[in-house]
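# Fold and contact review
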Amino acid sequence: MGIIPKALTALLCSALLFSTTSHAEDINRHNFKIAFVQAKNHPHGLGAQKFADLVKEKSDGKMKVMVFASGTLGGDTQVISSLQGGTVDMTLVTPGLLTGIEKGFGLYGMPFLFQNSKEVDAVLDGPVGKKLLDSLPPHGLIGLGYWDHGFRHVSNSKRPITKLEDLQGLKIRVQQIPTAIGTFQTLGANPVPMSFTELYTAMETGTVDGQENPLAAVETSKFYEVQKYESLTGHFYDPLVAIFSKKTWDKLNDSERKIVRDSATEAQAYERKVSREMDITARKALADAGMQINELAPAEIQRMRDHLKPATEKFTQDYGPELVGEVMAEIQKVRGAQ
């Protein structure tokens, strides 16, 4: 009876060796480019490097990822076009930049939509998040998931923002998306849409008075050198969409695609953790660098939210009442469980 287990063991070992060898032989050599506008030491850069390390590890060094940070291959819209053309393979962008492809992505940019990261993750990792990612392939893109960018706050060089009226007349750089422009117009500021790669110089020269971004972006881009006041408005939450070139994707076999997807999923969990931790440490770092940081009273946040109701209603119609309703249902489940 003892001979049979030994034979089975040998057979299983041979099968496992054959399976492993076959899998390894199924992986071809590839060099991918991942490009984004934030710095290498920003959570996006750290997540991108984690993705690169995982792809290399899982492919036994056959598949390599070159990381291009700080907009070295162009701004967000330019890089998205490069993905569609197949000259860049992967990028990380805020959802609003995809509204020209699928308008529903704009709903993530609705003001004061989310209150915390639990609500965010429930929506992004749920049916709505998947539905929007599934809309990308006909447009030359593959959605690999959602990473974290964080809650956005307003900084400027003129004055602290403690109430709605303090925004009046400030020239605030915003993303080149309708929700950002419409929100700040409604709040009484003068929104100036421009690429992130142009922002530091615009603040340095006084072309704009300020900007709105998560704290980690303010720190890693050294905006504290040209900005004095940081006001914790939390007006938008920005996820980050990890997208891959369909032209490149179509050249990969199933084993290679699995490596890319698995690596992106693992990097997503890592980047979300790093981003949320850095959001906390960045606040102290900015204060240490000389920025004056202030919180807004809950009543003032509510005033802003109430003031934005006409804009929010318009955005709901623009991006689809049914889809927005699905998002709110997911959020209410989380709030009801807390």
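Just so we're clear, the structure is a prediction, and the values are computed from it rather than from any experiment.

Our next topic: the overall build of the chain. When its secondary structure is counted, the chain shows 13 helices and 9 strands. Taking 338 residues into account, the globule formula puts the C-alpha radius of gyration at 20 Å, and the chain, at 22 Å, falls close to it. When the backbone C-alpha atoms are referred to their principal axes, the chain occupies close to 85 × 45 × 40 Å. When each of the 338 residues of the chain is scored for burial, the buried share is 53%. Considering only intrachain contacts with a sequence separation of at least 6, the fraction spanning at least 24 residues in the chain is 76%. Between the averaged position of the 38 positive side-chain charges in the chain and that of its 40 negative side-chain charges there is a distance of 2 Å.

In this structure the tally under the stated criterion is 9 aromatic pairs. Ring geometry for Phe-244 and Trp-249: centres 5.8 Å apart, planes at 75 degrees, overall edge-to-face. Each member of the pair Phe-244 and Trp-249 is classed as buried. An aromatic cluster is defined as three or more aromatic residues linked by ring pairs; in this entry it consists of Phe-32, Phe-244 and Trp-249.

Burial along strand β3 (residues 90-93) is two-sided: the residues Met-90 and Leu-92 and Thr-91 and Val-93 are all buried. Examined bridge by bridge, strand β1 (residues 30-35) and β3 share 2 bridges and lie parallel to one another. Note on β3: the bridge partner recorded for Ile-34 is Met-90.

Count 3.6 residues to each turn of an α-helix, and residues three or four apart come out pointing the same way. For helix α3 (residues 76-85), the set of buried residues is Asp-76, Val-79, Ile-80, Ser-82 and Leu-83. Relative to the axis of α3, the buried residues are bounded by an arc of 160 degrees and lie together on one face.

The next point concerns the packing of helix α2 (residues 43-58) against helix α10 (residues 254-288). Viewed as axis vectors pointing N to C, α2 and α10 meet at an angle of 150 degrees, and their least axial separation amounts to 8 Å. Relative to α10, the element α2 is oriented roughly antiparallel. Every pair of crossing elements has a handedness; the one defined by α2 and α10 is right-handed. Contacts between α2 and α10 involve Pro-43, His-44, Leu-46, Gly-47, Lys-50, Phe-51, Leu-54, Val-55 and Lys-58 from the former and Ile-259, Val-260, Asp-262, Ser-263, Ala-264, Glu-266, Ala-267, Tyr-270, Glu-271, Val-274, Ser-275 and Met-278 from the latter. Split by residue class, the contact of α2 with α10 holds 12 nonpolar, 4 polar and 5 charged.

The tendency in soluble globular proteins is for nonpolar side chains to be buried side by side. Leu-98, Tyr-108 and Ile-243 are the most contacted members of the largest nonpolar core, which totals 53 residues. What Ile-243 contacts, discounting residues up to four positions off in sequence, is Ile-80, Leu-83, Asp-89, Met-90, Thr-91, Val-93, Leu-98, Leu-136, Leu-141, Ile-142 and Gly-143. Ile-34, Ala-69, Ile-142 and Ala-267 belong to the second largest nonpolar core, which has 27 residues in total.

One can find Val-327 in helix α13 (residues 321-337). Residue Val-327 is classed as buried on the basis of its relative accessible area, which comes to 1%. Once residues lying within four places of it in the same chain are set aside, the contact partners of Val-327 are Leu-107, Leu-113, Val-123 and Val-128.

Right, let's get into the pattern of salt bridges. Overall, the coordinates contain 21 salt bridges when judged by the stated rule. Linking Asp-125 and Arg-272 is a salt bridge whose minimum nitrogen-to-oxygen distance equals 2.9 Å. Remark: Arg-272 occurs in helix α10 and Asp-125 occurs in the loop between α4 (117-124) and α5 (127-133); sequence separation between them is 147 residues. Assessed through its relative accessible area of 48%, Asp-125 is described here as partly exposed. The exposure class assigned to Arg-272 is buried, which follows from its relative accessible area of 9%.

Before going further, it helps to spend a moment on the environment of Ala-202. Mapped onto the fold, Ala-202 is located in helix α7 (residues 199-205). Overall, the relative accessible area of 6% leaves Ala-202 in the buried class. Sequence separation between Ala-202 and Arg-173 is 29 residues; the distance between their C-alpha atoms is 8.7 Å. What Ala-202 contacts, discounting residues up to four positions off in sequence, is Met-194, Thr-207 and Val-208.

Thresholds, definitions, all that
- Residues numbered from 1 in each chain as written.
- Predicted model: local features only at pLDDT ≥ 70, side-chain atom pairs only at ≥ 80, totals over all residues.
- Heavy atoms only, no water.
- Helix = DSSP H or I, 4+ residues; strand = E, 2+ residues; numbered from the N terminus.
- Rg over C-alpha atoms; globule rule 2.2 N^0.38 Å.
- Buried < 20%, exposed > 50% of the residue type's maximum accessible area, 1.4 Å probe, protein only.
- Contact = heavy atoms within 4.5 Å.
- Lys, Arg positive; Asp, Glu negative; His and termini not counted.
- Charge placed at Lys NZ, Arg CZ, Asp CG, Glu CD.
- Phe/Tyr/Trp six-rings, centres within 6.5 Å; stacked < 30°, edge-to-face > 60°.
- Pairing = 2+ DSSP bridges.
- Arc of directions from axis to C-beta.
- Axes fitted to C-alpha atoms, helices over the stretch in contact; angles between N-to-C directions.
- Parallel < 35°, antiparallel > 145°, perpendicular 65-115°, else oblique.
- Left-handed = near helix turned anticlockwise from the far one by under 90°.
- Nonpolar A, V, L, I, M, F, W, Y, C, P; charged D, E, K, R; others polar.
- Core = buried A, V, L, I, M, F, W, Y, C linked by side-chain atoms within 4.5 Å.
- Salt bridge = Lys/Arg side-chain N within 4 Å of Asp/Glu carboxyl O.

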